[in-house]
Amino acid sequence: MMTSYLTPKSIFIAIVVVFIGLALVDHLQSPTLQSTGAPADLGNACAPCGAPCK
Amino acid sequence: MMSRATARSKDAPTREMIVFTGLGVIWLAVAGLVGLDTGAKGVTLFALGTALGTVFLSFQYGFASGWRNFLQSGNMTGLASHFLLAALCAVLFIPAGTLGISAAGSLAPISLSLFIGAFAFGIGMQLANGCGSGVLFSFGGGSGRMLMALPFFVLGSLLGSLWLPSVLAWGQLDPIQIGGGLTPVLRTLVNLLLLVGASFIFWQAGRRRGQTMPRKLVLGSLIIAALCWAVFLVSGHPWGVTFGFTLWGAKLASAVGFDIASHEFWQWPGPARALAHSVLADNSSLMDIGMLIGAGLWAAFSGAFYKQAWPNQRQLLAAAIGGLLMGVGARFAFGCNIGAFLAGTASGSLHGWIWFAMAMGGSWVGIKLRPHLGFGEK
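Here we summarise the structure given alongside this text. Please read these numbers as outputs of a predicted model, since none were measured by experiment. (Residues numbered from 1 in each chain as written. Chains lettered and ligands numbered in written order. Predicted model: local features only at pLDDT ≥ 70, side-chain atom pairs only at ≥ 80, totals over all residues.)

## Overview of the overall build of chain B
Logical step 1: The number of helices and strands found in chain B is 14 helices and two strands.
Logical step 2: By the compact-globule yardstick of 21 Å for 378 residues, chain B fits well, its C-alpha radius of gyration being 20 Å.
Logical step 3: Intrachain contacts of chain B at a sequence separation of at least 6 include 84% that bridge at least 24 residues. (Helix = DSSP H or I, 4+ residues; strand = E, 2+ residues; numbered from the N terminus. Rg over C-alpha atoms; globule rule 2.2 N^0.38 Å. Contact = placed C-beta atoms within 7 Å.)

So this is what it looks like as structure tokens:
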């Protein structure tokens, strides 16, 4: 009997793999940084989302 | 002859081992690239995100379900544990400056957008059956519902970022610190009194109704608090989830030709820096990816990955609407249960408490809508 590989789980795994792949491509195409953002790098924003304080 | 069901169940351990191994390889590849770019700090945050994904999924530590249990059946144990978690975080977040720690809590303006956004988020998290962290760890754990909710969350938060500057202009006050005029020690004590008091009130009210606090919830709160401390010390900010989603949306939109960088939100220092660099160089985005992989690793390891039931079409529609509402709401309200409620209250910011009240109101509306969108009455 032929088995269908197009199951919801296989679609799910494919999406995760594509997503991680896109993240890696973006990473490799982006300028390098020495560190992830410290509060000072984020304009001393009040919240982690980077929104400036009034 | 072996039945299909038997054959399928015999295949399951092998398939889950493949998923586990595949995710492990992806984790190592991402960690290696992060290490080359942002060094030990980046790898540590990625590992902390992975640990959070594993802990949230293994302890089933949910905000949306805890709040729904409270509103539907008067079960207070979830809320008691959430305020316990915030109190544990506040012990470090509020006096950080006085202790000589180079980190700052999460404060946000008291804006009209905060009220609207938190209310919308509350509706959304009941329709999607998960909040910001819940969507992420359930998605990583193989949930079909979150396969629908997450892309709409990303879309909603991108739209929210484009609209936020205009909505902020409707009216806002500066951030308000609870006990702002007091010494750091007194401010910490006042906020701890509020948070421990809230946890105690919910715990006591539950006890009177014969509810006992599950040890799993207490242990989960302790472990998550320890991880939140570590994130705070390493990144310099409390843990936040939803800005990563906003960044993913902006990156994808930019990739297909939209001029995202010219919008006001994306010219603010933090977002501009994030958009110009890798998705693995932003704290929130990096930890989100770690959380997703961590939850996937745990789901594959524990055998839960292939046991997830697929929701019906109406529930998928609810997940999409919920994701969209949470996305817009999170940007308007400066975060989700983690970035606004937990980080806000644990930083002694009034906006965290307003977020809690408004999102609770939204949750009530969301619960009323659930039966119309394919959920059972409970």
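## Examining the nonpolar core
All names here are of chain B.
Logical step 1: Of all hydrophobic cores here, the largest spans 127 residues; its most connected members are Cys89, Phe121, Ala149 and Trp355.
Logical step 2: It is helix H1 (residues 4–59) that contributes the most residues to this core, 15 residues altogether.
Logical step 3: When neighbours within four sequence positions are excluded, Ala149 is seen to be in contact with Ala128, Gly130, Val135, Ala319, Ala320, Gly322 and Gly323. (Core = buried A, V, L, I, M, F, W, Y, C linked by C-beta atoms within 7 Å. Buried ≥ 20, exposed ≤ 12 C-beta atoms within 10 Å, placed from the backbone.)

## A word on the packing of helix H3 (residues 77–93) of chain B against helix H13 (residues 337–346) of chain B
All names here are of chain B.
Logical step 1: It is at 7 Å that the axes of H3 and H13 come closest, and there the two elements cross at 50 degrees. The angle between the axes of H3 and H13 places the two elements in the oblique class. Regarding H3 and H13, the two cross each other, and that crossing is right-handed. Two secondary-structure elements touch here, H3 through Leu85, Ala86, Cys89, Ala90 and Phe93 and H13 through Leu342, Thr345 and Ala346.
Logical step 2: Grouping the amino acids of the contact of H3 with H13 by side-chain chemistry returns seven nonpolar, one polar and no charged. (Axes fitted to C-alpha atoms, helices over the stretch in contact; angles between N-to-C directions. Parallel < 35°, antiparallel > 145°, perpendicular 65-115°, else oblique. Left-handed = near helix turned anticlockwise from the far one by under 90°. Nonpolar A, V, L, I, M, F, W, Y, C, P; charged D, E, K, R; others polar.)

## Focus: helix H10 (residues 269–276) of chain B
Residue and element names in this part refer to chain B.
Logical step 1: Of all the positions in H10, only Gly270, Pro271, Ala274 and Leu275 are classed as buried. For H10, the arc enclosing every buried residue in end-on projection is 125 degrees, short of the 170-degree limit, so these residues lie on one face.
Logical step 2: Where H10 is buried, its residues contact helix H9 (242–255). (Arc of directions from axis to C-beta.)

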